[in-house]
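# Coordinates in review
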Amino acid sequence: MKQGEEVLTIAPETKECTAGVAKMQCLLVKEGDATEWQYFYNQIEGFTHEPGYEYQLVVSKSKVENPPADTSSLKYKLVKVVSKKLATIK
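Description of the structure in this document.

Parameters and conventions
Residues numbered from 1 in each chain as written. Predicted model: local features only at pLDDT ≥ 70, side-chain atom pairs only at ≥ 80, totals over all residues. Heavy atoms only, no water. Phe/Tyr/Trp six-rings, centres within 6.5 Å; stacked < 30°, edge-to-face > 60°. Helix = DSSP H or I, 4+ residues; strand = E, 2+ residues; numbered from the N terminus. Buried < 20%, exposed > 50% of the residue type's maximum accessible area, 1.4 Å probe, protein only. Lys NZ or Arg CZ within 6 Å of the ring centre and 35° of its normal. Salt bridge = Lys/Arg side-chain N within 4 Å of Asp/Glu carboxyl O. Disulfide = S-S within 2.5 Å. Core = buried A, V, L, I, M, F, W, Y, C linked by side-chain atoms within 4.5 Å. Contact = heavy atoms within 4.5 Å. Polar contact = N/O pair within 3.5 Å; in protein donor to acceptor, adjacent residues only side chain to side chain.

## Thoughts on the packing of aromatic side chains
Counted under the stated rule, the structure contains 3 aromatic pairs. With centroids separated by 4.9 Å and ring planes inclined at 75°, the aromatic side chains of Phe-40 and Tyr-76 adopt a geometry described as edge-to-face. With Phe-40 in strand E4 (residues 38–40) and Tyr-76 in strand E7 (residues 74–86), the pair connects residues that are 36 residues apart, well separated along the chain. Residue Tyr-76 is classed as buried on the basis of its relative accessible area of 6%. When the ring centre of Tyr-53 is taken as reference, the NZ or CZ atom of Lys-84 above it lies at 4.5 Å.

## Digging into the pattern of salt bridges
Here the structure, examined in full by the defined rule, presents 4 salt bridges. A single salt-bridge network, built from bridges that share partners, covers Glu-45, Lys-75 and Lys-77.

## Regarding the state of the cysteines
One pass over the full model with this rule turns up 1 disulfide. Two residues, Cys-17 and Cys-26, share a disulfide whose sulfurs are 1.8 Å apart. In this structure, the disulfide formed by Cys-17 and Cys-26 twists by about 75° around the S-S bond and is classed as right-handed. Across the pair, Cys-26 and Cys-17 agree in class, each one buried.

## Looking at the nonpolar core
Within the largest apolar cluster, 11 residues are counted, these being Leu-8, Ile-10, Leu-27, Val-29, Phe-40, Ile-44, Phe-47, Tyr-55, Leu-57, Val-59 and Tyr-76. Broken down by secondary-structure element, the contributors of at least two residues to this core are strand E1 (5–10), strand E3 (22–31) and strand E6 (53–63). Those residues in contact with Val-29 that sit more than four places away from it in its chain are Thr-9, Ile-10, Glu-36, Trp-37, Gln-38 and Phe-40.

## Comments concerning the side chain of His-49
On the secondary structure map, His-49 appears in the loop between strand E5 (44–45) and E6. Within the structure, His-49 has its side chain in polar contact with the backbone oxygen of Ala-11 (distance 3.0 Å).

Quick look at the structure:
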């Protein structure tokens, strides 16, 4: 991987979350070797989540200069989909 790129694992379902004052659906992600799901309040440019599938993605992460209030200072862009597998129901 190149500098500025990282691996994200995307959960098969989204969860309702609150960003600022707005309710929205957040992706659940694990960054790198993390074992706990975290809410992902951002968007991944070029990626469309399909419910029921777990993804492993390589994304580039860059800083946004002077981001508007209530928005992220980071921008994520899809580099490649490493895997997309149908989630098993537990």
